[in-house]
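Notes for the structure review
In case you want the letters, here they are:
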Amino acid sequence: MVLFPLIVWLGASGQIAGEKPARLCKFLGDISYPIYMTHFPLVYIYTGWVGTHKPTLAQALPVAVLTFGAAVLLAYVSLKFYDEPVRRWLKNRLAPR
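So, a few notes on the structure that sits alongside this text. The structure presented is a predicted model; accordingly, all values stated were derived computationally and were not measured. (Residues numbered from 1 in each chain as written. Predicted model: local features only at pLDDT ≥ 70, side-chain atom pairs only at ≥ 80, totals over all residues. Heavy atoms only, no water.)

One non-glycine residue, K54, adopts positive backbone phi at about 50°. Within the secondary structure, K54 is located in the loop between α2 (19–53) and α3 (57–94). (Helix = DSSP H or I, 4+ residues; strand = E, 2+ residues; numbered from the N terminus.)

What follows is the structure in structure tokens.
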């Protein structure tokens, strides 16, 4: 109960120095909700594969990295082709003119 508000405060009060870190933070913020909504199937497929095949760390690590990359790509595609267009449509439809 004490730690969570502290973490939120630290994140909200942080300053970003430089254009590249600012762009990275914006990108991560933009995909945060889409990745939250879309990563579950990929994680379940990965854990199913690990449970079935019992790979070594050396075998599992490339697949884990691929799963991570696929989750980020799926989130970005969801952001650009679903989330942003729907938000734009709702804004135009529901916002007072």
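Within the secondary structure, S78 is located in helix α3. Reaching out from S78, the side chain makes a polar contact with the backbone oxygen of L74 at a distance of 2.8 Å. Excluding anything up to four places from it in sequence, S78 contacts P34, T38 and D83. (Polar contact = N/O pair within 3.5 Å; in protein donor to acceptor, adjacent residues only side chain to side chain. Contact = heavy atoms within 4.5 Å.)

Between α2 and α3, the shortest axis-to-axis distance is 7 Å and the interhelical angle comes to 135°. With respect to each other, α2 and α3 are oriented oblique. Relative to α3, α2 is oriented so that their crossing is right-handed. Considering only residue class, the contact of α2 with α3 consists of 17 nonpolar, 5 polar and 2 charged. (Axes fitted to C-alpha atoms, helices over the stretch in contact; angles between N-to-C directions. Parallel < 35°, antiparallel > 145°, perpendicular 65-115°, else oblique. Left-handed = near helix turned anticlockwise from the far one by under 90°. Nonpolar A, V, L, I, M, F, W, Y, C, P; charged D, E, K, R; others polar.)

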